[in-house]
Amino acid sequence: MGRSGLLLKLELQSNPEMLCVVRHALAQLAETLGFSRAECRAVVLAVDEALTNIIRHGYGGEEGHPIHASFRWIAVRRDGKHGRALEIVLEDSGKKIDCAKLCGRPLEDVRPGGLGMHFINECMDAVEFRRKLGRNQLRLIKLLDGPKPEMGA
Amino acid sequence: MQISARRLDKTTIFDVTGDVDLATSPELRKALLHELRDARIPRVILNLKAVRYMDSSGVASLVEGLKVSRDSGAKLILYGLTPSVREVLQLSKLLKIFEIYENEEQAISP
């Protein structure tokens, strides 16, 4: 691991067939970092759902568009103490995401769809979205354990 | 993902293997809707023992199948949930909505 904390960088295309490849790589990475099996499954689910949103909504289901994913081991502060976390940043050049449309729906309303963002929020300790220089950037944080981190760490 | 069908009297059992995600869930959806809506099979059972992973698009396919089954007076039953599948249904608060059993013997029993 370098001084930047960079663990892994992936450049993939907006192809649904690639999702299983990313899942397997990420599962191995999370396990290597010491996350529990349940935490590994949570991280994999969140990233898979985020990539699905990029493919379906950012790129309108079109294949062949670029998605950049970086995985870093970062320091976070919690309760005045230092801890470590996995930071995942996904970037795409798709259309601006309307977060209100992706914010999910009441779970009592049993119908297909609208669960992806709910899964991401439930699985990760922190979720940040921003639009920067015409690109969508989603930052996801997963602590090894413990309470939610102070973002911006 | 692979799906194979077994037909027993008025029941279809789908054995699903592999990952159910954005790439593969349309196939599961198509199979479910064909049995429930087109073939009007009164009971469709999904064997999920060999499903390693399911995402929200897979859950959406199950929910759509459930809605069609209710509309047509049929039953959609699940069994053999792996931890991954159980977790996404739990996160979706759908564990109590579906009829779920541990194994095939229980799922087939009336």
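Residues numbered from 1 in each chain as written. Chains lettered and ligands numbered in written order. Predicted model: local features only at pLDDT ≥ 70, side-chain atom pairs only at ≥ 80, totals over all residues. Heavy atoms only, no water.

Undergrad: Describe the overall build of chain A, with residues and values.
TA: Counting secondary structure elements, chain A contains four helices and five strands. Counting helices and strands in the order they occur from the N terminus, chain A gives β-α-α-β-β-α-α-β-β. Expressed as a percentage of its 153 residues, the buried residues of chain A come to 47%. Pairs at least 24 residues apart make up 63% of the contacts formed inside chain A by residues separated by at least 6 positions. When the accessible surface of chain A is summed, it comes to about 8000 Å², and 50% of that surface belongs to carbon and sulfur atoms. (Helix = DSSP H or I, 4+ residues; strand = E, 2+ residues; numbered from the N terminus. Buried < 20%, exposed > 50% of the residue type's maximum accessible area, 1.4 Å probe, protein only. Contact = heavy atoms within 4.5 Å. Areas by Shrake-Rupley, 256 points an atom, 1.4 Å probe, with all protein chains shown as cover.)

Undergrad: Pulling in residues and values, what's your account of the overall build of chain B?
TA: Secondary structure assignment for chain B yields four helices and five strands. For 110 residues, the compact-globule estimate of 2.2 N^0.38 gives 13 Å, and chain B sits close to it at 12 Å. Expressed as lengths along the three principal axes of its C-alpha atoms, the size of chain B is roughly 30 × 25 × 25 Å. By the burial criterion, 54% of the 110 residues in chain B qualify as buried. Contacts in chain B between residues at least 24 apart in sequence constitute 67% of all its contacts with a sequence separation of at least 6. (Rg over C-alpha atoms; globule rule 2.2 N^0.38 Å.)

Undergrad: So what about the sheet that holds strand β4 (residues 75-79) of chain B? Which residues, and what values?
TA: Residue and element names in this part refer to chain B. Taken in spatial order, the five strands make up an open sheet running β1-β2-β3-β4-β5, and their pairing is mixed. Pairing within the sheet leaves two strands with one partner each, and these edge strands are β1 (2-8) and β5 (99-101). Strand-to-strand twist across the sheet, computed as the mean angle between neighbouring axes with direction ignored, equals 25 degrees. In this structure, β4 lies alongside β5, joined through three bridges in parallel fashion. Its bridge partner lying in β5, Leu 78 is registered against Ile 100. The strands that helix α2 (residues 56-71) touches are β2 (11-20), β3 (43-54) and β4; relative to β4, the one it contacts most, it runs at about 145 degrees. (Pairing = 2+ DSSP bridges. Axes fitted to C-alpha atoms, helices over the stretch in contact; angles between N-to-C directions.)

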